Amino acid sequence: MTETPQSHPLLAELRESVQSGLPSAISDLGRLVRIPSVSWDGFDPAHVAASANEVRALLEALGVFDSVVVSTAPIDAERTGQPAVLATRAARNGKPTILLYAHHDVQPPGQDADWESSPFEPTVRGDRLYGRGAADDKAGVMAHVAAIRAFVDVVGTDFDLGLVAFIEGEEEFGSRSFANFIVQHREDLAADVIVVADSDNWDTETPSLTVGLRGNVTFKLTVSTLEHASHSGMFGGAAPDAMLAMIRLLASLHAEDGSVAVAGLTSRDATTPDYSEERLTEEAALLDGVRPIGHGPVLSRLWDQPAITITGIDAPSVVNASNTLVPSVTVKVSARIAPGQTADDAYRALESHLTAHAPFGAHVEISDVDRGNPFLVDTTGWAVAEAKDAMHQAWGRAAVETGIGGSIPFISDLVTVFPEAQILITGVEDPDSRAHSPNESLHLGVFHRAILTEAVLLAKLEGRE
Ligand SMILES: [Zn+2]
């Protein structure tokens, strides 16, 4: 049990201001949702530019920033990234600087027919606002804007806290120019605390602070046994085919219960909230009679243990299958890495396992290796304590520290360029938000509480000595 935190002296005033500002926050969010700012190739970049301009106008209207610009950075020698919005206000009198991150681009909507209301027509049904980007992540953008509005409404514009808003324009397309952007604007972006508002909450009544992200290692694995294909009737039974060798090699990656069996891949020892196998069965849509794999608490399997999945295979197709021994097979291996291990280290463990376990002396070749490091928030920093306290005050419930089974790749770029900054991964989503899917939506109660949380956090940081 966590004790109820002491109320911030400005809590009541901030609460009232957030409450009365909510209708305009929702209508501004609706205006952003109407702009189809899909950042993928093949979609009109004019919409992403329009949405950047709209965000710039929202930030300018706050009247607290020294500078608000729309800016781009190169992806490589030929290509330029999508426009981001960067707003800065220098700290005074030794106060900390807080950077608020969100992204204004969205995923493609998919088929309109799969949506109950049109994806770019913001629509309220019940407690929720539906539309592409209504949650991911235009609500993150508006949570920052609305929190600053409430903060300014209560303390005025003459405050000392340093404030940076960085609203990216291509998070949904791999943040391709992100690393270059933050190096280019290193001075403007420097902050003591970075709030990444692009994650979710435990449920609509319970806030989460995301503190762990698994890393990943992916590569192509080719197993070869023969110089050329041979008739399976002629040599089958004595000459090993590559498919047999590949199947046996892949089978060696997991134990009987489906957990990873690769020496050198580590797990993180941490307690996780309760989450039943029944809930997993339902949320991951396991077929009738299919059992979960792995061992230990379910969330430790998803957050703190490694996982290995074969996500593709190049082999003769069934329709083209002839009676031959296949000489060579290629698969795509996708491994998730537990926090606490570097992706390089994990790759070396996988490589030596695959080399050591190749059956029948089969040749093993690994290529196209991609690595992303796991990330663990240092929860001993003061910013984590302040954020959890702000969440508790705004939601009336203690925050759950959660992990994510996947990765937010740009976080490692942030940590590389700003190793001293304390990173807080928050968000406005909940388990029913369906980000990236049809009928994406924002729970308006969560939105309300997320805004209040951030307004309280700003007030707390302004008050720090
Ligand atoms: Zn997002």
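Further up the page is the structure itself.
Not measured: the values here are computed from a predicted model. (Residues numbered from 1 in each chain as written. Predicted model: local features only at pLDDT ≥ 70, side-chain atom pairs only at ≥ 80, totals over all residues. Heavy atoms only, no water.)

Draft legend 1. Here's a closer look at the overall build of the chain. Summing up its helical and strand segments, the chain has 13 helices and 18 strands in all. Against the compact-globule benchmark of 23 Å for 465 residues, the chain has a radius of gyration of 25 Å, which places it among compact chains. Its C-alpha atoms give the chain principal-axis dimensions of roughly 85 × 50 × 45 Å. Buried residues in the chain amount to 52% of all 465 residues. A fraction of 81% describes how many contacts in the chain between residues 6 or more apart in sequence connect residues 24 or more apart. Roughly 21,000 Å² of accessible area belongs to the chain as shown, and the carbon and sulfur atoms make up 49% of that amount. Here the chain contributes 32 positive and 65 negative side-chain charges, whose respective centroids are spaced 1 Å apart. (Helix = DSSP H or I, 4+ residues; strand = E, 2+ residues; numbered from the N terminus. Rg over C-alpha atoms; globule rule 2.2 N^0.38 Å. Buried < 20%, exposed > 50% of the residue type's maximum accessible area, 1.4 Å probe, protein only. Contact = heavy atoms within 4.5 Å. Areas by Shrake-Rupley, 256 points an atom, 1.4 Å probe, with all protein chains shown as cover. Lys, Arg positive; Asp, Glu negative; His and termini not counted. Charge placed at Lys NZ, Arg CZ, Asp CG, Glu CD.)

Draft legend 2. Examining empty space enclosed by the protein more closely. This structure, assessed with the given rule, holds 2 cavities of 30 Å³ or more. A volume near 160 Å³ is recorded for the largest cavity. Every residue lining the largest cavity is counted, 16 residues in all, and those nearest its centre are Met391, Thr426, Ala450, Thr453 and Glu454. Contributions of two or more residues to the lining of the largest cavity are made by strand E7 (193–200), helix H11 (382–395), strand E17 (422–429) and helix H13 (444–462). (1 Å grid on protein atoms, 1.4 Å probe; cavity = no way out; pocket = protein on both sides within 12 Å on 5 of 7 lines; lining within 4 Å. Points joined across faces, edges and corners; volume = space filled by probe spheres on them.)

Draft legend 3. Molecular detail of the coordination of the zinc ion. Taken together, the protein ligands of the zinc ion are His103 (NE2), Asp136 (OD), Asp198 (OD) and Asp198 (OD), with distances of 1.9 to 2.7 Å. Classification of the site at the zinc ion as irregular follows from its 4 donor atoms and the range of 52 to 146 degrees in their angles at the metal. Donor residues for the zinc ion, ordered by position in the chain, follow H-x32-D-x61-D. Here His103 is found in strand E3 (residues 97–103), whereas its partner Asp136 is found in the loop between strand E5 (128–130) and helix H3 (138–155), with 33 residues between them in sequence. (Donors = N, O, S within 2.8 Å, 3.2 Å for Na, K, Ca; no water. Tetrahedral: all angles 85-135°; square planar, octahedral: opposite > 155°, others 65-115°.)

Draft legend 4. Fine view of the packing of aromatic side chains. Applying the stated rule across the entire model yields 9 aromatic pairs. Ring centres of Phe151 and Phe159 lie 5.0 Å apart, and the angle between their planes is 70 degrees; on these two criteria the pair is classed as edge-to-face. Taking relative accessible area as the criterion, Phe151 reaches 1% and is therefore assigned buried. Given the relative accessible area of 2%, Phe159 is considered buried. Measuring from centroid to centroid gives 5.6 Å for Phe166 and Phe178, while their planes differ by 35 degrees, and the two rings are tilted. Of this pair, Phe166 sits in strand E6 (residues 162–168) while Phe178 is found in helix H4 (residues 178–184), placing the two residues 12 residues apart along the sequence. We classify Phe166 as buried; its relative accessible area is 2%. (Phe/Tyr/Trp six-rings, centres within 6.5 Å; stacked < 30°, edge-to-face > 60°.)

Draft legend 5. Representation of the sheet that holds strand E4 (residues 123–125) in the model. Strand order in this open sheet of 3 strands is E4-E5-E18, and the pairing throughout is antiparallel. Each having just a single partner strand, E4 and strand E18 (441–443) make up the two edges of the open sheet. Averaged over all pairs of adjacent strands, the angle between strand axes in this sheet comes to 25 degrees, irrespective of strand direction. Lying on the sheet, H13 is in contact with E4, E5 and E18; it crosses E18 at an angle near 65 degrees. (Pairing = 2+ DSSP bridges. Axes fitted to C-alpha atoms, helices over the stretch in contact; angles between N-to-C directions.)

Draft legend 6. Spatial organisation of the sheet that holds strand E13 (residues 328–337). Pairing within the open sheet is antiparallel, and its 4 strands lie in the order E11-E13-E9-E14. Edge positions in the sheet fall to strand E11 (307–314) and strand E14 (363–372), since each has one partner strand and no second. Each strand axis lies, on average, 20 degrees off the axis of its neighbour in the sheet, ignoring direction. Pairing of strand E9 (residues 215–224) with E13 involves 10 bridges; the strand directions are antiparallel.

Draft legend 7. Up close: the packing of H3 against H13. Running from amino to carboxyl end, H3 crosses H13 at an angle of 50 degrees, the nearest separation of the two axes being 8 Å. With respect to H13, the element H3 is oriented oblique. Viewed along their axes, H3 and H13 form a crossing whose handedness is right-handed. On H13, the residues touching Ala139, Met142, Ala143, His144, Ala146, Ala147, Ile148, Ala150 and Phe151 of H3 are Phe447, Ile451, Glu454, Ala455, Leu458, Ala459 and Glu462. Its residues assigned to classes, the contact of H3 with H13 comprises 13 nonpolar, 1 polar and 2 charged. (Parallel < 35°, antiparallel > 145°, perpendicular 65-115°, else oblique. Left-handed = near helix turned anticlockwise from the far one by under 90°. Nonpolar A, V, L, I, M, F, W, Y, C, P; charged D, E, K, R; others polar.)

Draft legend 8. Region of the structure containing the pairing of E9. By the criterion of burial, E9 is predominantly enclosed, with 8 of the 10 residues buried. The pairing of E9 with E14 spans 8 bridges and is classified as antiparallel. Counterpart to Ser224 in the pairing with E14 is His363.

Draft legend 9. Looking closely at the nonpolar core. Counting 94 residues, the largest nonpolar core has Leu59, Phe65, Ile98, Leu163, Phe166 and Phe447 as its most contacted members. Aside from chain neighbours lying at most four places away, what touches Phe65 is Leu59, Ala87, Thr88, Arg89, Ile148, Leu163, Val164 and Ala165. (Core = buried A, V, L, I, M, F, W, Y, C linked by side-chain atoms within 4.5 Å.)

Draft legend 10. Up close: the packing of helix H1 (residues 11–33) against H13. Two elements in contact, H1 and H13, have axes separated by 9 Å at closest approach and are oriented at 130 degrees. By the angle class used here, H1 and H13 are oblique. Helix-helix and strand crossings are classified by hand; for H1 and H13 the assignment is right-handed. Across the interface between the two elements, Leu11, Leu14, Arg15, Val18, Gln19, Leu22, Ala25, Ile26 and Leu29 from H1 touch Leu444, Phe447, His448, Ile451, Leu452, Ala455, Val456 and Ala459 from H13.

Draft legend 11. Geometry of the layout of surface pockets. Computed from the structure, the largest pocket encloses a volume of approximately 1,100 Å³. For the largest pocket, the lining is made up of 36 residues, of which Asp200, Ile404, Gly405, Glu429 and Pro431 are closest to its centre. Looking at the lining of the largest pocket, the elements with two or more residues in it are E7, helix H8 (277–283), helix H9 (298–303) and strand E16 (400–404). Each pocket or cavity is described by its volume, and for the second largest pocket that value is around 550 Å³. Lining of the second largest pocket is provided by 25 residues; of these, Gly258, Ile293, Arg301, Pro306 and Ala307 occupy positions nearest its centre. Listed by contribution, the elements that provide at least two residues to the lining of the second largest pocket are H9 and E11. Here the residues of the lining of the second largest pocket are counted per class, giving 13 nonpolar, 8 polar and 4 charged.

Draft legend 12. Broad picture of the side chain of Glu454. As for its position among the elements, Glu454 is in helix H13. Buried and without a salt bridge, Glu454 has Arg149 as its closest oppositely charged side chain, separated by 12 Å. Among the polar contacts made by the side chain of Glu454, one reaches the side chain of His144 at a distance of 2.6 Å. Those residues in contact with Glu454, other than ones at most four positions away along the chain, are Leu100, Ala143, His144, Ala147 and Val195. (Salt bridge = Lys/Arg side-chain N within 4 Å of Asp/Glu carboxyl O. Polar contact = N/O pair within 3.5 Å; in protein donor to acceptor, adjacent residues only side chain to side chain.)

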